[in-house]
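Chain by chain, the residues:
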Amino acid sequence: QKEVEQNSGPLSVPEGAIASLNCTYSDRVSQSFFWYRQYSGKSPELIMSIYSNGDKEDGRFTAQLNKASQYVSLLIRDSQPSDSATYLCAVGGSQGNLIFGKGTKLSVKP
Amino acid sequence: SAVISQKPSRDICQRGTSLTIQCQVDSQVTMMFWYRQQPGQSLTLIATANQGSEATYESGFVIDKFPISRPNLTFSTLTVSNLSPEDSSIYLCSALLPSYEQYFGPGTRLTVT
């Protein structure tokens, strides 16, 4: 059974701080990794994808992947109250599907 | 990215009836999926909608309960049959792009009374 683990939070950070979200996965042969943001009552929105070891930056977001440790993280710099949402880590399955973690709820306090 | 629409956005249905949800993608995609998100939970894959053939269901989901059609590369339907209150959930379709990125529709919120 392929599993994706996330700390459910809530994670609370002050405005302007760095938010760090973490995820581990069980299937060593996984090749694709994604972070989705989900606002309450909305569907998941893709914010980052990463496929190779190292860092990938997009604006205020940085995804980090370490396949040896089976670890994926998302850093949000200069956190804003509008970043308050649930962040879902997802790992690509062999059939093109996604296996999701339970999500981490982030709260950014003004 | 892809633009995905779903209809209806929400519905309230009586126990024992069925609801069919439509999913339309603005471009041809090879793979479409249906997920369920129960209140306060993460997303669980129901099935892969295969174009021109029977859907591939995940463990715990069966065709009699969740029949799926995919007549072409941009459209799919999910029917939730013989509804019970336990089926109250959000149902989401998604499309896989050649970039391996997957995008979701806005979801259908189903309440069974």
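Quick summary incoming for the structure in this document. Just so you know, these numbers come straight off a predicted model, no measurement behind them. Numbering of residues starts from 1 in every chain and runs along the sequence as written. In the order they appear in the text, chains get letters beginning with A and ligands get numbers beginning with 1. The model is predicted, so local features are restricted to residues of pLDDT at least 70 and side-chain atom pairs to those at 80 or more, both for listing and for counting; the totals for chains, interfaces and linings are taken over all residues. Only hydrogens and water are set aside when side-chain values are computed; all heavy atoms of the structure are taken into account.

## Some details on the interface of chain B and chain A
For clarity, the threshold we go by: In what follows, a contact means two residues having at least one pair of non-hydrogen atoms within 4.5 Å. Values labelled buried area give the accessible surface lost by two parts on being combined, using a 1.4 Å probe and summing over both. Polar contact is defined as a pair of N or O atoms within 3.5 Å, subject to the rule that within protein one atom must be able to donate a hydrogen and the other to accept it, and that residues adjacent in sequence are counted only when both atoms are side-chain atoms. The numbering of helices and of strands both runs from the N terminus, where a helix is a DSSP run of H or I of at least 4 residues and a strand a run of E of at least 2. Side-chain classes follow a simple rule in which Ala, Val, Leu, Ile, Met, Phe, Trp, Tyr, Cys and Pro form the nonpolar group, Asp, Glu, Lys and Arg form the charged group, and the remainder, Gly included, forms the polar group.
Contacts between the two partners involve 18 residues from chain B and, on the opposite side, 17 residues from chain A. In total, chain B and chain A occlude about 1300 Å² of area from one another, counting both sides; carbon and sulfur atoms represent 55% of this. Taken together, the links from chain B to chain A amount to 8 residue pairs in polar contact (both at pLDDT 80 or more). Counting residues per element, the ones that place at least two in the side of chain B that touches chain A are β4 (31-37), β5 (43-49), β9 (89-96) and β10 (102-104) of chain B. The residue inventory of the side of chain B that touches chain A, partitioned by class, reads 11 nonpolar, 5 polar and 2 charged.

## A word on the pattern of salt bridges
Residue and element names in this part refer to chain B. In plain terms, the rule: The working definition used for a salt bridge is a side-chain nitrogen of Lys or Arg within 4 Å of a carboxyl oxygen of Asp or Glu. The buried label applies to any residue whose accessible area, calculated with a 1.4 Å probe on protein chains only, is under 20% of its type's maximum; exposed applies above 50%, and partly exposed to all values in between.
Considering all chains together, one arrives at 5 salt bridges over all chains under this definition. Between aspartate 87 and lysine 65 there is a salt bridge, with its nearest N and O atoms 2.6 Å apart. Here lysine 65 lies in the loop between β6 (56-57) and β7 (68-72) and aspartate 87 lies in the loop between β8 (75-80) and β9, a separation of 22 residues in the sequence. Accessibility classification places aspartate 87 together with lysine 65 in one group, the buried group.

## Observations regarding the state of the cysteines
Put simply, the rule is: Here, two cysteine sulfur atoms that lie within 2.5 Å of each other are counted as a disulfide.
With the rule as written, the count across this model stands at 2 disulfides over all chains. In this model A:Cys23 forms its disulfide with A:Cys89; the gap between the sulfur atoms is 2.0 Å. Across the S-S bond linking A:Cys23 and A:Cys89, the dihedral sits near -70°, which makes this disulfide left-handed. Taken together, the residues span a long stretch of sequence, with A:Cys23 in strand β3 (residues 19-25) and A:Cys89 in strand β9 (residues 85-92) at a distance of 66 residues. An identical accessibility class is assigned to A:Cys23 and A:Cys89; each is buried. The disulfide partner of B:Cys23 is B:Cys93, and the S-S distance across this bridge is 1.9 Å. Classification of the bridge connecting B:Cys23 and B:Cys93 rests on its S-S torsion, roughly 75°, and on that basis the disulfide is right-handed. In this pair, B:Cys23 is assigned in strand β3 (residues 19-25) and B:Cys93 in strand β9, connecting sequence segments 70 residues apart. You'll find B:Cys23 and B:Cys93 in the same group, each marked buried. B:Cys93 supplies the cysteine sulfur nearest to B:Cys13, a cysteine that is in no disulfide, at a spacing of 17 Å. In this structure B:Cys13 comes out as buried when scored by relative accessible area, which is 8%.

## Things to note about the layout of surface pockets
Here is the rule we go by: Computed over the protein atoms alone on a 1 Å grid, cavities are sets of points where a 1.4 Å probe fits but cannot get out and pockets are open sets with protein on both sides within 12 Å along at least five of seven lines; a residue lines them when it has an atom within 4 Å of a point. Grid points are joined across faces, edges and corners, and a volume is the space filled by probe spheres set on the points.
Looking at the largest pocket, its volume works out to about 730 Å³. In terms of lining, the largest pocket is formed by 27 residues, of which the most central are A:Gln1, A:Lys2, A:Ile99, B:Leu43 and B:Thr44. At the level of elements, β1 (4-6) and β10 (98-100) of chain A together with β4 and β5 of chain B are the ones that each hand at least two residues to the lining of the largest pocket. Ranked by residue count, the leading element in the lining of the largest pocket is β5(B), at 4 residues.

## Here's the deal with the environment of A:Cys23
Residues and elements named next belong to chain A. On the accessibility criterion, cysteine 23 (1% relative accessible area) is buried. When the C-alpha positions of cysteine 23 and glutamate 5 are compared, they lie 5.6 Å apart, and in sequence the two are 18 residues distant. Contacts of cysteine 23, omitting those with residues within four sequence positions, involve Val4, Glu5, Gln6, Trp35, Gln70, Tyr71, Val72 and Cys89.

Just distances and angles here, no functional claims.
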